[in-house]
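# Geometric and topological summary
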Amino acid sequence: MQGLELPGKLLAVYLHLWVMVEGFLFRRRFVQYLIGLVLILLLANVVQAVGMQFLPVPPFMKMPHQAQVFSLTRSLQYIFTCLAVVGFTGALAVLQRYYEEYNRRQEVEKQHIVTELQLLKAQIHPHFFFNTLNSLYGLAMEKSEQTPGMILRLSELMNFVLYEAKAKDVPLLREIEIIEDYIALEKCAHGERGK
């Protein structure tokens, strides 16, 4: 008997996934979705009943009373089993869509953070470098012994920003060195040269 019930269930599953889930459920048209689901289940029941009535049934599958194919109990049983299959495949489709949407959102958020970081770097670097160069010019005019060390720190910082920071992984010790260079350059820019 299960083989004769398959065409109706397949019809219900495909109509549900392609029309109802995509067309109504994902677009939040819940009333139309429920009405359509009921119609699909009724259509599947009719297809199954007609198939059992007119398709040749092997002798070992023959029912004692062929007229019972259209009985209410048999129809309700078929509709509920069909609903279970449709519900299971629909749940899989919803979970798949949720997973894809979650991954897409994560990727968009990641791209947003990277873009913000690049924009922030583009805004901060020129201002910071010009201030630091002005401070180095002041040190050079004073003929300070700190000038070569500050130039080296600025060079290290520029090398990091332009090349090393683009790497996927940066060693923690290297980042600490860069932070120390940055702090020293900021102190120099804000007049804390002798401290």
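Preceding this section is the structure that the text describes.
This text gives an overview of the structure that appears in the document. Counting of residues starts from 1 at the beginning of each chain's written sequence and follows it residue by residue. Under the rules for a predicted model, residues below a pLDDT of 70 receive no local features and side-chain atom pairs below 80 are neither given nor counted, while totals for whole chains, interfaces and linings still include all residues. As a convention, hydrogens and water are excluded, and side-chain values are obtained from all of the structure's heavy atoms.

Let's shift gears to the pattern of salt bridges. Every case where a carboxyl oxygen of Asp or Glu lies within 4 Å of a side-chain nitrogen of Lys or Arg is listed as a salt bridge. Evaluated as defined, the whole model comprises 6 salt bridges. For Glu-101, the salt bridge goes to Arg-105, with nearest N and O atoms at 3.5 Å. Linking Glu-101 with Arg-105, this pair stays in helix H3 (residues 72-142), spanning 4 residues, or about one helical turn. Among the ionic pairs, Glu-156 bridges to Arg-174, the shortest N-O distance being 3.0 Å. On the criterion of sequence distance, the pair formed by Glu-156 in helix H4 (residues 147-162) and Arg-174 in helix H5 (residues 172-189) is long-range, its members being 18 residues apart. The structure contains a network of salt bridges with shared partners spanning Glu-101, Arg-104 and Arg-105. Where helices and strands are cited, they refer to DSSP runs of H or I of at least four residues and of E of at least two residues respectively, numbered from the N terminus.

Further remarks concern the packing of H4 against H5. At their nearest, the axes of H4 and H5 sit 9 Å apart, and the two run at 130° to each other. As summarised for this structure, H4 and H5 are arranged oblique, according to the angle between their axes. Note that H4 runs across H5; the crossing there is left-handed. Packed against H4, whose contacting residues are Met-150, Arg-153, Leu-154, Glu-156, Leu-157, Asn-159 and Phe-160, the element H5 presents Arg-174, Glu-175, Ile-178, Glu-180, Asp-181, Tyr-182, Ala-184, Leu-185 and Cys-188 at the interface. Axes here mean lines fitted to C-alpha atoms, for a helix over just the part in contact, with angles spanning 0 to 180 degrees between N-to-C directions. Angle categories are assigned with fixed cut-offs, so that under 35 degrees is roughly parallel, over 145 is roughly antiparallel, 65 to 115 is roughly perpendicular, and the rest are oblique. The crossing is said to be left-handed when, going from far helix to near helix, the turn is anticlockwise and less than a right angle, and right-handed when the turn is clockwise. Residues count as neighbours in contact if any of their non-hydrogen atoms are within 4.5 Å of one another.

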